[in-house]
Amino acid sequence: MSWLAALCLLLLQTEAFKIGLFSGDFLTHQEITERAILNVTVQVCRALARAEGKDFSLPSFTAVSVAVACEAPKSSKSFRQTIKLIQEKNKGVDISFVSDPRYHFDDENFSEGRKIITDGLSVVKASNKRNNFETARDQLGQILHPLQDFYSHSNWVEMENELPNSNLIRSNAVIGNIAAESRATCRNCIGDDCRNNILEDILREKILTSGYFGLVPFSSTKPTGKCSHGGAFDQTSGIEPKAGINKDNLGASHGHLHMKAANLAIAATSELLEDIRGAAGDISFLQMMGISKGKALCFVIDTTGSMSDDIAAVRDVTSSIINSKVGTEDEPSIYILVPFNDPEFGPLTKTTDPKVFKNAIDSLSATGGGDFPEMSLSGLQLALTGAPRNSEIFVFTDAPAKDQHLRSTVIALIEQTKSVVNFMITGIVGLRRRRQSDDGQQQQFSSRMVTSDGQLYRDLAQASGGLAIEVSKSELPVATSIITESSSSSLVTILQAARSPGKAENFTFTVDESVRNLTVYITGTFVTFTLISPSGVSQESAGTTGSLITASQSVGNFKTLKLKTQPGLWEIKMVSTNPYIMKVIGESLIDFLFDFLEVSQSPFGDLDVVDNRPRAGVNGSLIVTVTGSDSTTVTEVILVESSGSREVTGIVEPQGGGSFLVHVDMMPSVEFVVRVKGQESVAPGAPLIVFQRQSSTNFRASNLTVMADSERILVPGTPFSVPFSVMTTGVGGNFTIRATNNRQFNSTSPTNLFLETGSSADDTVTLSAPLNTPSGSDVTLNIEVEAPGGEDTNYVVLRFTIFNTVTDFTPPVCELLSLQSNCSDICSLSMWELSVQVTDGTEGTGVERVSLRQGNGTMTSSLAPGNENITLVSYISSCCSPEMELLVVDRVGNVGTCVYTYRGGSAAAFSSSTKVIQLPLCLSIVVFGLHILSELGIY
């Protein structure tokens, strides 16, 4: 292994590792994070490929190329989105905790900073264990910031350390020899040169220190003789000893060491990700990173007495999807089920195992109901908070919503997650309907109520870019074909429009060469249309098939049209006086991600992502990222009125890496969608591919600003306070406050706040998780603010992890029991085998998993007879493969490795040591380094 270690060190120290990493004058937290994620993800996919006996070619280091190399090209969008989310949470630390030294390893807060990392790391592992990947990503981004800051804010680099400090991710290890509070660590810089301001005895004795930081304009101080952080924002840098030691960029006090600090931060981030990988397993790690073959399959199902036919239809479509998709590139990444009736809803079933999901569906029974309306929005709220972002959710019901007060909460969650919600509505169309209750009594409901509630479902569907499909129970099996079609993870929206009331209108849309399975969905009654292809051929709606339509299907208010996929500009002329929704979709890897931006609340400037509604009446910005291709250019970004034709066109500025900054003069005052047009170059000299994509979700601007942030970890049984603030640039008066959570945890909050125009006010929501809440569970809190008159609302959505304090920090250990071999000169004709005992100690939580991380032999494991705390492992291999490595994980995610190498009649064993645990890190760095060296022609 010496050549690997040597190359690892070489790449950390030489320009070879730096080339290709630094697109600007310095490396940011976002770039460090992305590079480490790509490094480790490549290593994971490489290991999985080799375990299956497949070749693995090193990809170029982009999200698209890595997803393709991982044999999951359709997940390039979710992978890119995951990277962006983790980057945003990392960057957000400089807003939420800008003056908290623990989050930056400032002021010699080493133990405190390490605790933030290790506590957060335990939360990530617990969340992954329960398939709560969203909360795992949030927490991961937050702890990566202090981990990376350690190398630019402390003197670790100045002490000539060549590898990261592995003890930053271990609770029971020594970080280093930390400077005493009374010990001087720095002298004044001489002129502009701060290269030698750390005292010689500090460096010689390997004393760990970091700079003190006081944010301007607040008054700050520091102990006598201590180093400052340095820079224009640091109030302490003017106090002797003056200047500082930070390496945040090339122009910083110790900027000459920036690149070395950045490289160590990449290595440290990779090491932490490797630890998470070990605890989760390779498949779960990739799912946390958004890499999987398909997208989520999510059902919200009414289980009251009249729904037996509907549940049977869901069973059929579930079996069909599982039977046809498992093992293919469209196999669902996760399965989610939420039942509801009245007064119950839930629990949420979330699993990656299709058998578990099928069993959950099969166990549903249609009983109860009582009065007509059901808890449909409560069930939908639970699904929206449990499903991944950009999910497609299907709600099955034949009843109105009893919990209509959650309407705005559901819309907020739709906007925040950008999820699509389709309603499969049976039995509530027509003038009147009857429903059988449990006691046999029939209840009648007026058409006015039915129409009102049908409109609620239609409004929610339109807000999300989904459909409200209204059919009879006998027609439902035919209508569920949309679920099978929507299960493709490469589905894109090319155009969507809704008109209520309906009117005659012409729509155009561009279809590019990458689109397959071009389809038009229409919901509405008495709708006619004319299709015109790019070649000028037209077809009327009267024909079911013809020159343009290869297949069509009508059921209830829902029509599906399969079109001949012809690239170019299409036109569809819609005619109806009734409300309708028209949606054009297809399959393509090319799509886009976007976020609204606003000027950062951080003192360091820049633009930050807006997690809720953008500000109304002012100019605005978006960041648009193209996914699925590394050779695309965005030419237009347009904000289009959802129910009309007015548009706001933005100014597009390329940012590199497939991202584009967009500025608009004025955010629309009505609901709108985001439409993107662009070009892709597939080969030099080839014609450009012109593409069009549209967001499914409808958005709104607001005159309200709602902000809230806090620690994201709840301890069961302990009340937790969430401060929030509200500011208005519109009307003043009494503002309504609604705080809801998806788990019905006990909560207290104000019901209103009084604000004058242009003013702000603060208050607090208190949340408490029951004592028996499992560790790793999550809860989503939505704080919604409504202006007087109800015309304007905004919200903030916060996701928290429920976590019990971990006291076990020691990984399991291995003990060699026996070794046998008959190895000879002809290795292929001889074998060696060993047996190992794995234990977690008397104070441990117990061994959860033992797996073979390296080796070409066969491993088996079992619990020791009469002792569940001992796992026995047997391994047998050809003598041609003399090395094996076991990965051992306990129930709280402590990871250990046990490496055994057979050498001529004996086994040299290395178990659970820092040196061995770091090996995957070096391999990860080597993978990336070899890629760079090969590009340079050096390797």
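Scoring rules and cut-offs
Residues numbered from 1 in each chain as written. Predicted model: local features only at pLDDT ≥ 70, side-chain atom pairs only at ≥ 80, totals over all residues. Heavy atoms only, no water. Helix = DSSP H or I, 4+ residues; strand = E, 2+ residues; numbered from the N terminus. Buried < 20%, exposed > 50% of the residue type's maximum accessible area, 1.4 Å probe, protein only. Polar contact = N/O pair within 3.5 Å; in protein donor to acceptor, adjacent residues only side chain to side chain. Contact = heavy atoms within 4.5 Å. Disulfide = S-S within 2.5 Å. Phe/Tyr/Trp six-rings, centres within 6.5 Å; stacked < 30°, edge-to-face > 60°. Lys NZ or Arg CZ within 6 Å of the ring centre and 35° of its normal. Core = buried A, V, L, I, M, F, W, Y, C linked by side-chain atoms within 4.5 Å. Expected span 1.5 Å × (residues − 1). Salt bridge = Lys/Arg side-chain N within 4 Å of Asp/Glu carboxyl O. Pairing = 2+ DSSP bridges. pLDDT = per-residue confidence, 0-100. Axes fitted to C-alpha atoms, helices over the stretch in contact; angles between N-to-C directions. Parallel < 35°, antiparallel > 145°, perpendicular 65-115°, else oblique. Left-handed = near helix turned anticlockwise from the far one by under 90°. Nonpolar A, V, L, I, M, F, W, Y, C, P; charged D, E, K, R; others polar.

1. Focus: the side chain of S488
Phase 1: Assignment of secondary structure puts S488 in the loop between α17 (481-486) and β11 (491-499).
Phase 2: With a relative accessible area of 3%, S488 lands in the buried category.
Phase 3: Engagement of the side chain of S488 in a polar contact is seen with the side chain of S490, the distance being 3.1 Å.
Phase 4: In this view, S488 contacts K74, K295, D330 and E587; residues no more than four positions away in its chain are not counted.

2. Focus: the state of the cysteines
Phase 1: Enumeration over the complete set of coordinates arrives at 6 disulfides.
Phase 2: Across the disulfide from C189 sits C194; the S-S distance is 1.8 Å. Between C189 and C194 the sulfur-sulfur dihedral comes to about 110°; the bridge is accordingly right-handed. With respect to burial, C189 and C194 carry one shared label: buried.
Phase 3: A sulfur-sulfur separation of 1.8 Å characterises the disulfide bridge that pairs C823 with C879. Measuring handedness by torsion sign, the sulfur bridge of C823 and C879 sits at about -85° and is left-handed. Taken together, the positions of C823 in the loop between β38 (813-821) and β39 (831-839) and C879 in the loop between β42 (867-878) and β43 (883-890) put the pair 56 residues apart, joining distant regions of the chain.
Phase 4: When its relative accessible area of 12% is taken as the criterion, C879 is described as buried.
Phase 5: Disulfide partners in the protein chain, listed by the sequence order of the bonded cysteines, are 1-2, 3-6, 4-5, 7-12, 8-10, 9-11.

3. Let's talk about the packing of aromatic side chains
Phase 1: Summed over the entire model, instances satisfying the criterion amount to 22 aromatic pairs.
Phase 2: Both rings, one in F299 and one in F396, keep their centres 5.8 Å apart while their planes meet at 90°; by these two values the pair is edge-to-face. With F299 in strand β3 (residues 297-302) and F396 in strand β6 (residues 392-397), this residue pair connects regions lying 97 residues apart in the sequence. Each member of the pair, F299 together with F396, is buried.
Phase 3: Geometrically, the ring pair formed by F596 and F672 is edge-to-face, given 6.0 Å between the ring centres and 80° between the ring planes. On the criterion of sequence distance, the pair formed by F596 in strand β20 (residues 591-599) and F672 in strand β27 (residues 672-680) is long-range, its members being 76 residues apart. Grouping residues by exposure puts F596 and F672 together as buried.
Phase 4: Feature note: the residues F105, F110, F150, Y151 and W156 constitute an aromatic cluster, connected by ring pairs.
Phase 5: Above the plane of the ring of F594 lies K418, whose end atom (NZ or CZ) is 4.9 Å from the centre.

4. Some words on the nonpolar core
Soluble globular proteins: nonpolar side chains tend toward being buried together.
Phase 1: Among the nonpolar cores identified, the biggest contains 88 residues, and L140 and L272 are the most heavily contacted of them.
Phase 2: In this view, L272 contacts I117, L121, L140, I143, L144, L147 and I169; residues no more than four positions away in its chain are not counted.
Phase 3: Judged by nonpolar contacts, the second largest core, of 32 residues, contains M307, I322, F394 and F558.

5. Thoughts on helix α7 (residues 133-153)
Phase 1: With 21 residues, α7 ought to run about 30 Å at 1.5 Å a step, and its terminal C-alpha atoms sit 30 Å apart, in line with that.
Phase 2: Within α7, 21 of the 21 residues are buried, which leaves it mostly tucked inside the rest of the structure.

6. Side note on the pattern of salt bridges
When charged atoms on two side chains of opposite charge get close, those side chains can pair.
Phase 1: What the rule picks out here adds up to 47 salt bridges.
Phase 2: Residues R80 and E34 are paired through a salt bridge, measuring 4.0 Å at the closest nitrogen-oxygen approach. Of this pair, R80 sits in helix α5 (residues 76-96) while E34 sits in helix α3 (residues 29-51), and the two are 46 residues apart along the sequence.
Phase 3: Exposure remark for R80: the relative accessible area of 11% places this residue in the buried category.
Phase 4: Given a relative accessible area of 21%, E34 falls into the partly exposed group.

7. Quick notes on the pairing of strand β28 (residues 689-694)
Phase 1: With 5 of 6 residues buried, β28 is to be regarded as a mostly interior element.
Phase 2: The sheet contact formed by β27 and β28 spans 6 bridges and is antiparallel. Following the sheet pairing, K677 is matched in β28 by Q692.

8. Notes on the confidence of the model for the protein chain
Phase 1: Looking at the protein chain, the pLDDT average stands at 88 and 90% of residues meet or exceed 70.
Phase 2: Mean pLDDT in the protein chain bottoms out at helix α2 (residues 15-18), which sits at 30, and peaks at strand β2 (residues 207-208), which reaches 98.
Phase 3: Segment residues 1-24: pLDDT under 50, and 52 contacts once partners within four positions in sequence are set aside and those in other chains are kept.
Phase 4: The model gives residues 912-939 a pLDDT under 50, and that stretch makes 71 contacts with residues more than four places away or in other chains.

9. Points about the sheet that holds strand β41 (residues 858-864)
Phase 1: What the 4 strands build is an open sheet, ordered β38-β39-β42-β41; its pairing is antiparallel. Where the open sheet ends on each side, the last strands, each with one partner, are β38 and β41. If you compare each strand with its neighbour and ignore which way they point, the axes differ by 20° on average.

10. A word on the pairing of strand β17 (residues 558-563)
Phase 1: Of the pairings in the sheet, the one linking strand β13 (residues 516-524) to β17 comprises 5 bridges and is antiparallel in character. Residue V520 lies in a different strand from β17, and its bridge partner there is L561.
Phase 2: Pairing of strand β16 (residues 549-555) with β17, which is carried by 6 bridges, proceeds in the antiparallel orientation. Residue pairing in the sheet places V555 in a bridge with F558 of β17.
Phase 3: Hairpin connection, β16 to β17: the antiparallel pair is bridged by 2 residues, and G556 has positive phi, about 60°.

11. Quick word on the packing of helix α6 (residues 110-129) against α7
Phase 1: The N-to-C vectors of α6 and α7 enclose an angle of 155°; their axes lie 8 Å apart at closest approach. Relative to α7, the element α6 lies roughly antiparallel. Along this stretch, α6 crosses α7, giving a crossing that reads as left-handed. Taking contact as the criterion, the partners of F110, I116, I117, G120, L121, V123, V124, S127 and N128 in α6 are, on α7, F133, T135, A136, Q139, L140, I143, P146, L147 and F150.
Phase 2: Partitioning the contact of α6 with α7 into residue classes produces 13 nonpolar, 5 polar and no charged.

12. Description of unusual backbone geometry
Phase 1: In this structure, P241 follows E240 across a cis peptide bond, with omega equal to -5°.
Phase 2: Along the chain, the position of P241 falls in the loop between β2 and α9 (258-280).
Phase 3: Residues D342 and P343 are joined by a peptide bond in cis, for which omega reads 15°.
Phase 4: Within the fold, P343 resides in the loop between β4 (335-340) and β5 (349-351).
Phase 5: With phi around 70°, A243 is a residue other than glycine that occupies positive phi space.

13. Regarding the environment of T901
Phase 1: Within the secondary structure layout, T901 lies in strand β44 (residues 895-903).
Phase 2: According to the relative accessible area criterion, T901 is buried, its value standing at 7%.
Phase 3: Measuring from C-alpha to C-alpha, the distance between T901 and S881 comes to 9.1 Å, with 20 residues separating the pair along the chain.

14. Section: the sheet that holds β17
Phase 1: With respect to topology, 5 strands assemble into an open sheet ordered β11-β19-β13-β17-β16, the strand pairing being antiparallel. Here the strands that pair on one side only, and so sit at the sheet edges, are β11 and β16. The sheet shows a mean angle of 15° between the axes of neighbouring strands, direction not considered.

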